[in-house]
Amino acid sequence: MTGALDAAEVWERLRGVRCEADAVAAGLVRAGEGGPGAGGVVGAADTARVADAADTRRAGGAADPRRAGGDDDLAPGARLLLDRYLSLCLAGPYVTFAQLGQSLDGFIATRTGDADYVTGEEDRDHLHRLRALADAVVVGAGTAVSDNPRLTVRTCSGANPVRVVIDPRGRVARDCHLFTDGSAPTLWVVGPDREDGQAVPGRVGDGVEVLTLPDREAFAPRALVRTLAARGLGRVLVEGGGVTVSRFLHERALHRLYVTVAPVLLGDGVPGIRFDGPDVMRDALRPPVRRSSVGEDTLFELDLRGEAFAGEDEGSL
Ligand SMILES: NC(=O)c1ccc[n+]([C@@H]2O[C@H](COP(=O)([O-])OP(=O)(O)OC[C@H]3O[C@@H](n4cnc5c(N)ncnc54)[C@H](OP(=O)(O)O)[C@@H]3O)[C@@H](O)[C@H]2O)c1
């Protein structure tokens, strides 16, 4: 396979794609292939590329080496990256996506809060790639307290996103990694008062900005997305936990949701997605979905664009 793009090269190219023109310049799609629908879980670009590769084979011709479109152009692993992430990259500069790893019975951690680890190594690689494609990674106070996460990109190449902690009561410890390790800028989003009645400090450590929102309404997911977009953080990964992702989902602030299901049963634990559901199955949320295997786990990629930001002009973000 002379000149085939390997997975590392495809990943480097993908990381630079924020619109169709970027993808064309990177040789990942042809002009017109990344048009309307391309930001979906199975975008127009994917369809066009598959069709084109088939045409090329039927015609007995060689694939265009400039373009990672046909199977002939791609080394093993590169095709998977392109299929999984190109549509997200083509979703544009404003996209909110969430990821959760859960057990078969719908829990994201044990009842003691241990989430180390629910899903397998390949899913963690996937999570790090999502971080690398995001401008900001958001977690709720529960996750910051329970996991003391770093939220950095470690298993693939890519810049660390800005780390955002939603902590209206200011309960996250000042000595947690996010506030002390200096690995990436951190935005600590707090309400006016701490749960112990003390005012939240205006300054924490180097690289940590305290953003004090005036009231609960300012913490509504759509308002938070607008606040981040106004700071140049248009691509937002909501990384957990269940309460935070559920709020974003229920308030239609997500364009896409990745849920990785591991073949493990916990019986009880920290719930994943929970919201006021419908009374009858016919009213259930059934967005377009794409399934794929990630090691022993199954990744479900839900296209929520039909739901997201309903009634709002996304262009105003
Ligand atoms: N398997 C996975 O994929 C995964 C991923 C992440 C975390 N986890 C696990 O999940 C557990 C934590 O999840 P969790 O669901 O309990 O908590 P969480 O979602 O991490 O945090 C929820 C809290 O964050 C604050 N918050 C989030 N969004 C808000 C909003 N829009 N407005 C106001 N406040 C908001 C609230 O803080 P207040 O309560 O202070 O008001 C809320 O109670 C941990 O055990 C962690 O290990 C698993």
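Rules used in this analysis
Residues numbered from 1 in each chain as written. Predicted model: local features only at pLDDT ≥ 70, side-chain atom pairs only at ≥ 80, totals over all residues. UniProt positions renumbered as here; feature names shortened; annotations may be inferred. Near = placed C-beta within 6 Å. Helix = DSSP H or I, 4+ residues; strand = E, 2+ residues; numbered from the N terminus. Nonpolar A, V, L, I, M, F, W, Y, C, P; charged D, E, K, R; others polar. Buried ≥ 20, exposed ≤ 12 C-beta atoms within 10 Å, placed from the backbone. Pairing = 2+ DSSP bridges. Core = buried A, V, L, I, M, F, W, Y, C linked by C-beta atoms within 7 Å. Domains from an automatic or database assignment. Contact = placed C-beta atoms within 7 Å. Arc of directions from axis to C-beta.

The name an unreviewed UniProt entry assigns to the protein is RibD family protein, from the organism Streptomyces liangshanensis. According to the UniProt record, the Pathway (unreviewed entry) comment for the protein reads "Cofactor biosynthesis; riboflavin biosynthesis."

Engineer: So what's going on with the site of the ligand? Which residues, and what values?
Structural biologist: Around the ligand sit 28 residues in total, of which Gly140, Gly142, Thr143, Gly240 and Gly241 are the nearest. Looking at the shell around the ligand, the elements with two or more residues in it are β1 (95-103), β2 (107-109), β3 (136-140), α6 (141-147) and α9 (242-250). Among the elements that take part in the shell around the ligand, α6 stands out by supplying five residues, more than any other. A class-by-class count of the residues in the shell around the ligand yields 13 nonpolar, ten polar and five charged.

Engineer: Tell me about the pairing of β1, and please be specific about residues and values.
Structural biologist: Among the nine residues that make up β1, nine are buried, leaving the element largely enclosed by the rest of the structure. Relative to strand β7 (residues 235-238), β1 is paired through four bridges, and the arrangement is parallel. Across the sheet, Ala98 pairs through a bridge with Val238, a residue of β7. Of the pairings in the sheet, the one linking β1 to strand β8 (residues 256-262) comprises seven bridges and is parallel in character. Paired with Ser103 across the two strands is Ala262, which belongs to β8.

Engineer: Go over the pairing of β7 with me, naming the residues and quoting the values.
Structural biologist: Side chains Arg235 and Leu237 project from β7 onto one buried face, and the interleaved Val236 and Val238 project onto a second face that is buried too. The pairing of β3 with β7 spans three bridges and is parallel. Across the sheet, Ala136 pairs through a bridge with Val236, a residue of β7.

Engineer: Now, about the nonpolar core: what can you tell me, with residues and values included?
Structural biologist: Of all hydrophobic cores here, the largest spans 78 residues; its most connected members are Val164 and Val165. A per-element tally of this core places helix α4 (residues 78-89) first, with seven residues. No fewer than three residues from each of domain 1 (7-89) and domain 2 (95-316) sit in this core. Apart from the residues within four sequence positions on either side, Val165 is in contact with Val139, Ala141, Ala144, Val172, Leu178, Trp188 and Val189.

Engineer: Please provide a residue-by-residue account of helix α1 (residues 7-15), values included.
Structural biologist: All of the buried residues in α1 are Val10, Trp11, Arg13 and Leu14. For α1, the arc enclosing every buried residue in end-on projection is 165°, short of the 170-degree limit, so these residues lie on one face. Structurally, α1 contributes buried residues whose contacts are with α4.

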